[in-house]
Amino acid sequence: MTSTSPVPLTTRNACLEDLVDLLRHQQAHKVDVVVHADQIRAEGTQLRIAGTPPMLSERGVTTTSGLYMPTQVCDQGLANKLGIPLPYLRRLREHKPGLYDTNVNGWLADADRRFLVRALRGGGEHANEHGVARAFLSDSYRIIDNLDVLMAALDGIRQAGVQVQIDGCDLTERRMYVRVVCEQVRALAPDLLRDYRSPFTGQAGADCPAVFAGFVVTNSEVGEGAFTIVPRLVVQVCRNGMTITTDAARHVHLGGRMDEGVVRWSADTQDKNLALVTAQTRDAITTFLDIDYVRAKISEMSRLADTRITDPTATVELVAKRLSFTDEQQRQILSHFIQGADLSAGGVMHAVTSAAQTLPDADAAHEMESQALRALQLAAIGR
């Protein structure tokens, strides 16, 4: 659905410089319009937007009216806002495109409402190509773009005065993930790692028992979650990461309703939003990049990690079922558990986090990693 995009939409395990380049490229092609339902029509499973003014930017004048191909995220927004069951809408797109148009247009005709459409449109030699509709949102959605969030978060890190490394960056149609690690803040975890071997290198955790402090900065431009800073512990021996979602700092994208037309936020509004991101990042670092915090979390995990696993297949099946992992994810976790050679509940947790590293889908990888501590609990006590 996104092959016609004038701009790349995703990247996996990128360095910071490459992510910034991609976000700047996207920024230059963004079109954000607030439109009434009667200005939108489905044509050939694309969305035609009519009657919106052109947008003036450093690149010149960009036409905002025209055809846009919805991404899966945009279809999800359409289904949600118009009350159409999402599986049904996806089936229509694939098998009955005419009925897709009929359903969307029928419900739009009854919707006396305004919506925010976030899109990308080509420029230069691609100016006449169809655009991509990235999101179909409420007109009260507050836009906080990935590039702005990233720059504000990096400023918060600078203000905190800590030495960190970027451990990898992901961008999907749904979210941005930037993993940050601080190797200066480390604690030893011999009880957690004594029987573990990296499935990637075979190195023993007993020979390399350090755990580093870190965090993940995430944001969604398309309504798929708030800006968050989530603490993350990184195991040195295999670079497995364990995100601690219960301690996450979160900032919801909500705001006042916007007038119809092209969205242009004032500099004052943007500055206030980004100042909050910077402050939250700086404050989160004070908590998450703290040796006492790291030691406390290691202690919590170690209390459960020693539980021996007598039936690995049954245990991994239980964890996968309770955490809604796919059959393929379950297979990979069991394989990593065997390779890790740690026949304990801690070994199950390590298998979940190492298997997550191998997933090509960054959203699925982040979700799997965020369930690692829950997997530890399930493996240890079955609930």
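Since this is a predicted model, take the numbers as computed values, not measurements.

Draft legend 1. Representation of the overall build of the chain in the model. Counting its secondary structure elements, the chain contains 13 helices and 16 strands. Relative to the globule expectation of 21 Å for 383 residues, the C-alpha radius of gyration of the chain, 23 Å, shows essentially globular dimensions. Along the longest, intermediate and shortest principal axes, the C-alpha atoms of the chain span 65 × 50 × 35 Å. Burial analysis of the chain (383 residues in total) assigns 54% to the buried set. Carbon and sulfur atoms make up 49% of the accessible area of the chain, which amounts to about 16,700 Å² in all. For the chain, the distance from the average site of its 40 positive side-chain charges to the average site of its 46 negative ones is 3 Å.

Draft legend 2. Structural detail: the packing of aromatic side chains. For the structure on display, the rule yields 2 aromatic pairs. Arranged with centres 5.7 Å apart and planes meeting at 50 degrees, the rings of Phe288 and Tyr293 form a pair that is tilted. For the pair formed by Phe288 and Tyr293, the shared burial category is buried. Across from the ring centre of Tyr100, 4.6 Å away, lies the NZ or CZ of Arg93, which sits over that ring. Directly above the aromatic system of Tyr68 lies the positively charged group of Arg121, at a separation of 5.0 Å from the ring centroid.

Draft legend 3. Here's a closer look at the side chain of Gln371. Note on placement: Gln371 falls in the loop between helix 12 (362-370) and helix 13 (372-381). Taking relative accessible area as the criterion, Gln371 reaches 18% and is therefore assigned buried.

Draft legend 4. View of the pairing of strand 8 (residues 114-120). Strand 8 sits mainly inside the fold: 6 of its 7 residues count as buried. Taken together, the 7 bridges between strand 2 (residues 30-36) and strand 8 define a ladder with antiparallel strand orientation. Residue pairing for strand 8: Val35 is matched across the bridge by Phe115. With 6 bridges connecting them, strand 8 and strand 9 (residues 131-138) associate as antiparallel partners. Among the inter-strand pairings, Val117 is bridged to a residue of strand 9, identified as Phe136.

Draft legend 5. Focus on the environment of Pro190. In this structure, Pro190 sits in helix 6 (residues 190-193). Here the alpha-carbon distance between Pro190 and Ala248, two residues 58 residues apart in the chain, equals 26 Å.

Draft legend 6. Broad picture of helix 2 (residues 72-82). Of the residues making up helix 2, those classed as buried are Val73, Cys74, Asp75, Gly77, Leu78, Ala79 and Leu82. Those residues of helix 2 that are buried lie in contact with strand 4 (46-49), strand 7 (66-70), helix 3 (86-95), helix 4 (97-109), strand 8 and strand 9. Where helix 2 terminates, the next one or two residues include Gly83, which has phi positive at roughly 75 degrees.

Draft legend 7. A look at the environment of Gln329. Among the structural elements, Gln329 can be located in helix 10 (residues 327-340). Overall, Gln329 belongs to the buried group, its relative accessible area being 11%. Considered as a pair, Gln329 and Ala356 are 27 residues apart in the sequence and their alpha carbons are 8.5 Å apart. Discounting chain neighbours no more than four positions away, the residues touching Gln329 are Leu359, Ala364 and Met368.

Draft legend 8. Layout of the state of the cysteines. Under the criterion given, the structure shown has 0 disulfides. Cysteine Cys15 remains unbridged, with the sulfur of Cys169 as its closest cysteine sulfur at 7.3 Å. For Cys15, a relative accessible area of 34% puts it in the partly exposed group. Lacking any disulfide linkage, Cys238 is separated from the closest cysteine sulfur, that of Cys208, by 9.1 Å. Its relative accessible area of 5% is what places Cys238 among the buried residues.

Draft legend 9. Seen up close, the side chain of Asp101. By the element assignment, Asp101 lies in helix 4. Among the polar contacts made by the side chain of Asp101, one reaches the main-chain amide nitrogen of Gly44 at a distance of 2.7 Å. Not counting residues up to four positions away in its chain, the partners in contact with Asp101 are Ala42, Glu43, Gly44 and Thr45.

Draft legend 10. Quick look at the environment of Ile285. When you line up the elements, Ile285 lands in helix 7 (residues 267-288). On the accessibility criterion, Ile285 (3% relative accessible area) is buried. Separated by 72 residues in the primary sequence, Ile285 and Ala213 have C-alpha atoms spaced 9.7 Å apart. If near-sequence neighbours (up to four positions away) are discounted, Ile285 is found in contact with Gly156, Ile157, Ala160, Val162 and Phe215.

Draft legend 11. Local environment of the pattern of salt bridges. Under the criterion given, the structure shown has 24 salt bridges. Linking Asp145 and Arg118 is a salt bridge whose minimum nitrogen-to-oxygen distance equals 2.8 Å. In this pair, Asp145 sits in the loop between strand 9 and helix 5 (146-160) while Arg118 sits in strand 8, placing the two residues 27 residues apart along the sequence. On the basis of relative accessibility, which here comes to 7%, the residue Asp145 falls in the buried class. A relative accessible area of 0% places Arg118 in the buried class. With a closest N to O distance of 3.9 Å, Asp195 and Arg194 form a salt bridge. Given the relative accessible area of 36%, Asp195 is considered partly exposed. Taken together, the shared-partner salt bridges connect Lys30, Asp32, Arg118, Arg134, Asp145 and Glu221 into one network.

Definitions and limits used
- Residues numbered from 1 in each chain as written.
- Predicted model: local features only at pLDDT ≥ 70, side-chain atom pairs only at ≥ 80, totals over all residues.
- Heavy atoms only, no water.
- Helix = DSSP H or I, 4+ residues; strand = E, 2+ residues; numbered from the N terminus.
- Rg over C-alpha atoms; globule rule 2.2 N^0.38 Å.
- Buried < 20%, exposed > 50% of the residue type's maximum accessible area, 1.4 Å probe, protein only.
- Areas by Shrake-Rupley, 256 points an atom, 1.4 Å probe, with all protein chains shown as cover.
- Lys, Arg positive; Asp, Glu negative; His and termini not counted.
- Charge placed at Lys NZ, Arg CZ, Asp CG, Glu CD.
- Phe/Tyr/Trp six-rings, centres within 6.5 Å; stacked < 30°, edge-to-face > 60°.
- Lys NZ or Arg CZ within 6 Å of the ring centre and 35° of its normal.
- Pairing = 2+ DSSP bridges.
- Contact = heavy atoms within 4.5 Å.
- Disulfide = S-S within 2.5 Å.
- Polar contact = N/O pair within 3.5 Å; in protein donor to acceptor, adjacent residues only side chain to side chain.
- Salt bridge = Lys/Arg side-chain N within 4 Å of Asp/Glu carboxyl O.

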